[in-house]
Amino acid sequence: MAKKTTRTSSTAQVTSDSDAPLTVPGLPTETGHAVADALQMRVHALNDLALTLKHAHWNVVGPHFIGVHEMLDPQIDGVRDMVDTLAERMSTLGVAPNGLAGALVAARSWDDYDLHRADTAAHLAALDLVYSGVIEDHRAAIEAVGDDPVTEDILIGQTADLEQFQWFVRAHLQGTSGALVTEGATAELSAARKASRKR
Ligand SMILES: [Fe+2]
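Position labels on residues start from 1 in each chain and follow its written sequence. With the structure being a predicted model, the display of local features is reserved for residues of pLDDT at least 70 and the display and counting of side-chain atom pairs for 80 or more, all residues being used for whole-chain, interface and lining totals. Side-chain metrics in this entry use all non-hydrogen atoms of the structure; hydrogen atoms and water are not considered.

Draft legend 1. How the structure looks around the overall build of the protein chain. By the criteria applied, helices consist of DSSP H or I runs no shorter than four residues and strands consist of E runs no shorter than two, each listed in order from the N terminus. Along its length, the protein chain carries six helices and two strands. For the protein chain, the N- to C-terminal ordering of α and β elements is α-β-α-α-β-α-α-α. On the principal axes, the C-alpha backbone points of the protein chain span a range of 60 × 45 × 25 Å. Taking all 199 residues of the protein chain together, 41% fall into the buried category. Residue exposure ignores everything except the shown protein chains as possible cover, and the areas themselves are Shrake-Rupley values with a 1.4 Å probe. Approximately 11,500 Å² of the protein chain is accessible, and the part contributed by carbon and sulfur atoms is 53%. Of note, the protein chain has its 16 positive side-chain charges centred 12 Å away from the centre of its 27 negative side-chain charges. Relative accessibility decides the category of a residue: with a 1.4 Å probe and only protein chains considered, values under 20% of the type maximum give buried, values over 50% give exposed, and everything between is partly exposed. Counting rule applied: Lys, Arg positive; Asp, Glu negative; His and chain ends not counted. Note on charges: their place is set at NZ of Lys, CZ of Arg, CG of Asp or CD of Glu.

See the structure below:
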């Protein structure tokens, strides 16, 4: 990473984020680029999810610590693989992916995760909502890339994995009726409070 500095213009073009004049065979270039563009927010969302899961992995405390701490790492690895797959799909389709933190923060429509050091129930309750947001947007992206069944197939597979990860989280929050102890909570902090109270 470079130190912050004032950028100077240069006549020599050494970098470009413009679209390549091509895409995959069998798709019109415009279509391929539109599909790739639809993946950029998924790259940002999954990068943010991986960071958030690692943050929870470090800050979770209390009973069942080791179970939750260790459950999160394979999920983080899985989400990082998803980011790599989508970013490489963008490049394949002829659009330069942006994996930088500043671009993520500028583009995202959600706030940073609300919890720091907190008990296992609180983090699981908040992460359940995080997963819901990512999964809903992944499903919407499946619709958006419908002109390219190859990309659609990648997103469908990822959504199935994300839903399984959410089930691992949710199973900790369910009673024997199957209802979530956080039922009705729509914000991370209120879900966390509800879940902690039920302990
Ligand atoms: Fe670790």
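On we go from here.
Draft legend 2. Quick look at the packing of helix α1 (residues 29–59) against helix α4 (residues 120–144). Every axis corresponds to a line fitted to the C-alpha atoms, with the helix fit spanning only the stretch in contact, and the corresponding angles, defined between N-to-C directions, vary from 0 to 180 degrees. Remark: α1 packs on α4, axes separated minimally by 11 Å, with the N-to-C direction vectors making an angle of 170°. As summarised for this structure, α1 and α4 are arranged roughly antiparallel, according to the angle between their axes. As α1 packs across α4, the resulting crossing turns out to be left-handed. Of α4, the residues touching α1 (which contributes Arg42, Leu46, Leu49, Thr52, Leu53, Ala56 and Asn59) are His123, Leu127, Val130, Tyr131, Val134, Asp137, His138 and Ala141. Classifying every residue of the contact of α1 with α4 gives nine nonpolar, four polar and two charged. Orientation labels follow simple angle bins: below 35 degrees gives roughly parallel, above 145 gives roughly antiparallel, 65 to 115 gives roughly perpendicular, and whatever is left gives oblique. Handedness of each helix crossing follows the sense of rotation of the near helix against the far helix: counterclockwise by less than a right angle gives left-handed, clockwise gives right-handed. When checking whether two residues touch, look at their non-hydrogen atoms; a contact exists if any pair is within 4.5 Å. Each residue is assigned to one class: nonpolar for Ala, Val, Leu, Ile, Met, Phe, Trp, Tyr, Cys and Pro, charged for Asp, Glu, Lys and Arg, and polar for all the others, Gly among them.

Draft legend 3. Layout of unusual backbone geometry. One non-glycine residue, histidine 64, adopts positive backbone phi at about 70°. Position of histidine 64 relative to the elements: it lies in the loop between β1 (60–61) and α2 (65–93). By relative accessible area, which is 58% here, histidine 64 ends up exposed.

Draft legend 4. Representation of the UniProt feature "domain: Ferritin/DPS" (unreviewed entry) in the protein chain in the model. UniProt positions are given in the numbering used here, feature names are shortened, and annotations may be inferred rather than shown by experiment. In the numbering adopted here, UniProt assigns the feature "domain: Ferritin/DPS" (unreviewed entry) to residues 37–175. Across residues 37–175, the secondary structure splits into 76% helix and 3% strand, with the terminal C-alpha atoms separated by 41 Å.

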